[in-house]
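In case you want the letters, here they are:
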Amino acid sequence: TPPAVLRRAARSAGWLATLSVVVTAAVMAGFGIGLGLDPRIALLMGAVVSSTDAAAVFSVLRGSGVRLRERTAATLEVESGLN
């Protein structure tokens, strides 16, 4: 990631990375607990899944040829790296 892109998207990507990881981890842990998993295992599962969500989305978008706005693409790229 070029330094200019990192500077431009750092703040929004940081907030998005933090919020998305916490929400995804909580939702996945809730599903795990609902399925009868030990809460510690469910939280671990949520933490593992939550840190890979941005990278997966960014990869799928790039591979499908979807054209994102420059700022949106920069934010996703930096968020993916932060995760």
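Located above this text is the structure these notes cover.
As the structure is a prediction and not an experimental result, all values here were calculated from the model.

Caption draft 1: Here's a closer look at the overall build of the protein chain. Each helix and strand counted, the protein chain has four helices and zero strands in total. For the protein chain, the N- to C-terminal ordering of α and β elements is α-α-α-α. Each of the three principal axes of the protein chain carries a C-alpha extent, and together these read 45 × 25 × 15 Å. The buried share of the protein chain, taken over its 83 residues, is 23%. Nonlocal contacts in the protein chain, meaning residues at least 24 apart in sequence, comprise 65% of its contacts between residues at least 6 apart. Split by element, the accessible area of the protein chain, about 5,700 Å² in all, is 68% carbon and sulfur. A gap of 10 Å separates the mean positions of the 8 positive and 5 negative side-chain charges of the protein chain.

Caption draft 2: Broad picture of the packing of helix α1 (residues 3-34) against helix α2 (residues 39-50). Closest axis-to-axis distance for the α1/α2 pair is 7 Å, and the angle between their directions is 140 degrees. Classified by the angle between their axes, α1 and α2 sit oblique to one another. α1 and α2 meet at a crossing whose hand is right-handed. In this structure, α1 uses Val 21, Thr 24, Ala 25, Met 28, Ala 29, Gly 32 and Ile 33 to contact α2, whose residues at the interface are Pro 39, Ala 42, Leu 43, Met 45, Gly 46, Ala 47, Val 49 and Ser 50.

Caption draft 3: Structural context of the pattern of salt bridges. If you walk through the whole model with that rule in mind, you get two salt bridges. Of the charged contacts, one joins Asp 38 and Arg 40 as a salt bridge, the two residues approaching to 3.2 Å between their closest N and O atoms. For Asp 38, a relative accessible area of 34% gives the class partly exposed. Residue Arg 40 is classed as exposed on the basis of its relative accessible area, which comes to 66%.

Calculation criteria
- Residues numbered from 1 in each chain as written.
- Predicted model: local features only at pLDDT ≥ 70, side-chain atom pairs only at ≥ 80, totals over all residues.
- Heavy atoms only, no water.
- Helix = DSSP H or I, 4+ residues; strand = E, 2+ residues; numbered from the N terminus.
- Buried < 20%, exposed > 50% of the residue type's maximum accessible area, 1.4 Å probe, protein only.
- Contact = heavy atoms within 4.5 Å.
- Areas by Shrake-Rupley, 256 points an atom, 1.4 Å probe, with all protein chains shown as cover.
- Lys, Arg positive; Asp, Glu negative; His and termini not counted.
- Charge placed at Lys NZ, Arg CZ, Asp CG, Glu CD.
- Axes fitted to C-alpha atoms, helices over the stretch in contact; angles between N-to-C directions.
- Parallel < 35°, antiparallel > 145°, perpendicular 65-115°, else oblique.
- Left-handed = near helix turned anticlockwise from the far one by under 90°.
- Salt bridge = Lys/Arg side-chain N within 4 Å of Asp/Glu carboxyl O.

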